[in-house]
Each structure stands twice: as structure tokens, then as C-alpha cells.
Amino acid sequence: MTTEPPKAPPLYPKSHLLAASGIAALLSLALLVFPSSEVEAKRTSAPLELQTPADQLKQAQQDAPATDLGEQEAVQAPFAHIDNEDDQDSNTADAAAPAPVAKADDSDKKAPGHREVTVRKGDTLSKLFEEAGLPATAAQEVMSSDKQAKQFAQLKNGQVLEFEISPEGQLTSLHTKLSNTETIRLVRGAKGFAFNRDVIKPTMREAYAHGVIKNSLSLSGQRAGLSHNQVMDLVNIFNYDVDFAQDIRQGDVFDVMYEQKVLNGKVIGTGNILAARFTNRGKTYTAVRYTSKQGTTNYYTAEGNSMRKAFVRSPVDFARISSRFSVGRFHPILNKIRAHQGVDYAAPRGTPIKATGDGKVELAGRRGGYGNTVIIAHGKTYKTLYGHMQGFAKGIHAGSVVKQGQVIGYIGTTGLSTGPHVHYEFQVNGVHVDPLGQKLPMADPIAKNEKARFMQVAQPLMAQMDQEKSTMVASKK
Ligand SMILES: [Zn+2]
């Protein structure tokens, strides 16, 4: 009774899989489900968007008729790095912002004494001062003026130093951009140089992405202009309703409203997903991000129901189901026909096992053929059991309170077991039920006294998403 998961076809260059880390890598694998061609994904964007070479390339791909996969992949290659970026922090610039060549701000007035020097490999500060027409002593003076001035000596290839020099040949100010958002500056005053740092906050705006899945969510998301992190966010939002490893089909549709970070007219990164719609096999799910008056943020359906369910389907993130729930099966060790009152998930020894719902640990110890076992009570109605563990997670003992997704132990093969797996049981009022067949109970919907406030957030977002979609569909005709 072994079910093999679908094998991911080699759609991506190896570097992609190597670069993505941990869960992301595994989930990426799961997302790359079917091989065929990909065309129908497009990003629309507000007027400030710049056309970069990557954008033009993307556009060219969208305009091109669908061809066989090999050709598509070849065109894909130049910006395949988009998904590779290990940007754990969604604040960093991502796919939406291919870095333009750094140029001094046009707004800066170029006074007669203005000099710009670009750092090349091997340059030192005194050499750059020399290039700007300043004596080496000026560099020393600058460096010793302030503790923080040393940051001017941490030179990066391509960095631009901007000098203002008086008619008498004296340096009056020096500044350089450390990043799109950060500039450091030294300005000469009566008492020598004063150091300051400007950090500009990017402005946030709403952006829209739309895609139709042709081969995988990963690829379609990329085509639609979403970063790898955003695709992962989308998966996490709809994870309770959609099985992204097995249920994604060609023709599934997604619409996303998200935050875009803009600085000086350039997109430099993305923020949160604000609202989304996902149509999987003809069934449509909605999600709206909402922060309660108390400050907790969750995603709810457009009607205000929780996206989060009281239970997740499986206690292991990525595992093979090695045996399903059944009323009678041949037991390999006991050598007789016996009911299997749970589901077995096979995974390597030591793989974390997570509580499928919030609850209180009733047992964390040995229990006969189950070996090392954890039993969790979830209120009065539900109980879950996890068997054959190698060991328990720190702090897990009878009486511990656990949260959904909290690691409670690790995959092992203790008790009557033929190999590393977790045996998972689900009980409703003391009766064993099939955890895979069970319709999962919902977590709490939006609080009554927040419903009106939620609707004020949700309705405009959903309306805007509809509008963006119809505009885009119309422009395609
Ligand atoms: Zn079992």
C-alpha cells in the first residue's frame, strides 16, 4: 500500500534547486508538477514601472506562440536567477526589480566644483581622492574626522563617490550611495566634517499579478512577475484548501494584489500579499489579509471566514504516504489481517513531526507497539496520535500546551515498525476516522465586532482585483 508522489520533471536548471533552501526547495519540487508549455501569465503594473531588458524579454516570451518546452527553457535562461535568489527577507529587491545601473541622482545639482569618481577593483580612498583632484592628506583628514567616516573606506566596485570642491580646491562635502535607500555624507562645517546618513523609505503601492497555470505554479508565478517568496506566500495562504503537491492543474488561475516598494520611480522590492484569488480545478478560493485591532494579522476569505483550519492535513511537511487508513489490512509484523486505524507517513529518520492542531499533550512516552508516542487532545472532541517516534521535541511532555505546526518529535521506527515513519491517528469523540477523508474543521472566523472593519478592507481590495483583471483581459483582446 504504497503511494509514490508524482516525480517532478527536470524543468529547472539544477542551480535553482540548489539555491533554494530547505522547505522552499522541497516545496518548489512539489510545485513543478506537469511538463508542457507555458504562455498565459502576465503582469500588469502601474505606470511607474520601468521596462527593463528582463521585462522586454518576458514580454517577448509572452507574445511568442507556445512552443515546445526546450525552446521555452532556452529563452528563460537569462533571468532564471530570479527564483534562485535566496532572499529570505522579502524586503530585499526581487524579480520585480532588476537592478538598474547606479547613476547619480538627476536631482543633484552639478555645481562647478562637483566631481564624481567611480570605484574600480583595487581602488583605495586616497587614490580616488587623487582622481578627484584632491591631495592624499584630504583623505586622511576625512577618515579621521568621525568614527563613522570609516564607512567611506569600505569601497564596492561600481560605487560612486561624489565630491564638492571649493574654488580654493578644498573639499566641502563628500557623499556616496550605499544602496538605493541609503546615502552617507560628510559635510565640512566650522568644526571640521560632520557625518550623516540618509535612509529613504520606499513608498508602497498596490500591484496586481494574474496568471493561468500551464506547467507549474512556480513558472506561472514567475511569468506573472511574482518573486519566489511571493509564490511561497501564495502557497501558504491557500495551503489549507488546496493540495499544492497533487491538485494543481493546467488552467488553474490566480490573481494577486500585493504591495510593491517603489523608490524614485523604480520598483525595488515587494511586501505582503494583500488579497488573492485562486481557482483550482474550477473551485475558487479567496483570501484577504487583515490586521485586527489587537494587531494580529491573518488571512480570511473575502466573506471573513478563517483561511486557517483547526487541523492541517498531515503531521509531516514532505512525506510519502506509505499506508492509508483501512478497516482491514495484512500487518507485516503481526502476520495477520488487522485494521489500520491511521495513516503512515514515511520520511527520513529525524524528520520533524508537527502537531496538526492546537491542543494539550496527553501522553509523551512509550505505548506498546506504537513505540514513542505523543497523544494530543484538541478540546473535548478531537484527539490526534503520533507513533513510532525516534524522540520527543524539547518541552513536550504530558500537560504541555502545543500550537498547530509546533514540532513535537522526530520520525523514527520505535515499537512495531518496519522502517522510519510516523503513524498518525485522528479521533472524533473517541472514534478513529480517516484523517485524509475527514473534512477538516474550520478555525474561528473574524470576530463579530471586527466584521464591519474587515469588510472595509476586503471589499475595496476584491473590487480592485476584479477591475485590474477585466482591464487586463480587455487589453489582451
Ligand atoms: Zn501505521
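In this report, the structure presented in the accompanying data block is examined. (Residues numbered from 1 in each chain as written. Predicted model: local features only at pLDDT ≥ 70, side-chain atom pairs only at ≥ 80, totals over all residues. Heavy atoms only, no water.)

## Brief notes about the pattern of salt bridges
One side chain can pair with another of opposite charge once the charged atoms of both are near each other. For the structure shown, the criterion picks out 11 salt bridges. The shortest N-O distance in the salt bridge between Arg188 and Glu141 comes to 3.2 Å. Note that Arg188 is positioned in strand 5 (residues 182-189) and Glu141 in helix 6 (residues 136-143), a separation of 47 residues in sequence. On the basis of relative accessibility, which here comes to 24%, the residue Arg188 falls in the partly exposed class. Salt-bridge contacts for Arg277 lead to Asp466; the nearest nitrogen and oxygen are separated by 2.6 Å. Placement of the pair is Arg277 in strand 9 (residues 266-280) and Asp466 in helix 9 (residues 451-476), with a sequence separation of 189 residues. Under the relative-accessibility criterion, Arg277 is labelled buried at 15%. (Salt bridge = Lys/Arg side-chain N within 4 Å of Asp/Glu carboxyl O. Helix = DSSP H or I, 4+ residues; strand = E, 2+ residues; numbered from the N terminus. Buried < 20%, exposed > 50% of the residue type's maximum accessible area, 1.4 Å probe, protein only.)

## Overview of the coordination of the zinc ion
Tetrahedral coordination by four donors sets the ideal angle at the metal to 109.5 degrees; octahedral coordination by six donors sets it to 90 or 180 degrees. Protein ligation of the zinc ion involves His340 (NE2), Asp344 (OD), Asp344 (OD) and His423 (ND1), the donor distances falling in the range 1.9 to 2.7 Å. In this structure, the zinc ion is coordinated by four donor atoms arranged in irregular fashion, with angles at the metal of 53 to 155°. Along the chain, the residues donating to the zinc ion fall in the pattern H-x3-D-x78-H. With respect to burial, His340 and Asp344 carry one shared label: buried. (Donors = N, O, S within 2.8 Å, 3.2 Å for Na, K, Ca; no water. Tetrahedral: all angles 85-135°; square planar, octahedral: opposite > 155°, others 65-115°.)

## Thoughts on the sheet that holds strand 6 (residues 192-199)
Across a sheet, paired strands are connected by hydrogen bonds in the backbone, their directions being either parallel or antiparallel. If you trace the five strands from one edge of the open sheet to the other, you get 2-3-4-5-6, paired in antiparallel fashion. Unpaired on one side and paired on the other, strand 2 (114-118) and strand 6 mark the two borders of the sheet. Each neighbouring strand pair of the sheet contributes to a mean axis angle of 15°, computed without reference to strand direction. One ladder, built from five bridges, connects strand 4 (residues 171-177) with strand 5; its direction is antiparallel. Within the sheet, the bridge partner assigned to Lys177 lies in strand 5 and is Thr183. (Pairing = 2+ DSSP bridges. Axes fitted to C-alpha atoms, helices over the stretch in contact; angles between N-to-C directions.)

## Digging into helix 9
Along its 26 residues, helix 9 runs 37 Å from first to last C-alpha, staying within 8% of the 38 Å computed at 1.5 Å per residue. Taken residue by residue, helix 9 has Phe454, Ala458, Leu461, Met462, Met465 and Met472 as its buried positions. (Expected span 1.5 Å × (residues − 1).)

## Remarks on the sheet that holds strand 16 (residues 352-354)
Pairing is antiparallel in the open sheet, where three strands are placed in the order 16-22-20. At either end of the open sheet lies a strand with only one pairing partner, and these are strand 16 and strand 20 (391-392). The sheet contact formed by strand 20 and strand 22 (residues 407-410) spans two bridges and is antiparallel. Counted as the bridge partner of Phe392 is Gly409 from strand 22.

## Topic: the packing of aromatic side chains
Under the criterion given, the structure shown has 11 aromatic pairs. Ring geometry for Phe311 and Tyr382: centres 5.2 Å apart, planes at 70°, overall edge-to-face. Separated by 71 residues along the polypeptide, Phe311 in the loop between strand 11 (297-300) and strand 12 (320-323) and Tyr382 in strand 19 (residues 382-389) bring together distant segments of the chain. Take Tyr382: its relative accessible area is 22%, and that puts it in the partly exposed class. Ring geometry for Tyr382 against Phe426: centres 5.8 Å apart, planes inclined by 55°, an arrangement best described as tilted. Note that Tyr382 is positioned in strand 19 and Phe426 in strand 23 (residues 421-428), a separation of 44 residues in sequence. These aromatic residues form a ring-pair network of at least three members: Phe238, Phe244 and Phe278. (Phe/Tyr/Trp six-rings, centres within 6.5 Å; stacked < 30°, edge-to-face > 60°.)

## Things to note about the environment of Arg313
Residue position: Arg313 is located in the loop between strand 11 and strand 12. A relative accessible area of 36% places Arg313 in the partly exposed class. In sequence terms Arg313 and Asp241 are 72 residues apart; their C-alpha atoms lie 9.9 Å from each other. In this structure the side chain of Arg313 is engaged in a polar contact, spanning 3.1 Å, whose partner is the backbone oxygen of Pro435. (Polar contact = N/O pair within 3.5 Å; in protein donor to acceptor, adjacent residues only side chain to side chain.)

## Digging into the pairing of strand 18 (residues 372-378)
Taking burial as the measure, the seven residues of strand 18 include seven buried ones, the bulk of the element. Here strand 18 shows no split at all, with Asn372, Val374, Ile376 and His378 on one side and Thr373, Ile375 and Ala377 on the other all buried. Judged from the six bridges that link them, strand 17 (residues 359-366) and strand 18 form a sheet pairing that is antiparallel. Paired with Val361 across the bridge in strand 18 is Ile376. Counted between consecutive antiparallel strands, the loop separating strand 17 from strand 18 contains five residues, among which Gly368 sits at a positive phi close to 45°. Sheet topology note: the strand 18/strand 19 ladder contains six bridges and is antiparallel. Each residue of the ladder has a partner; that of Ala377, found in strand 19, is Lys383.

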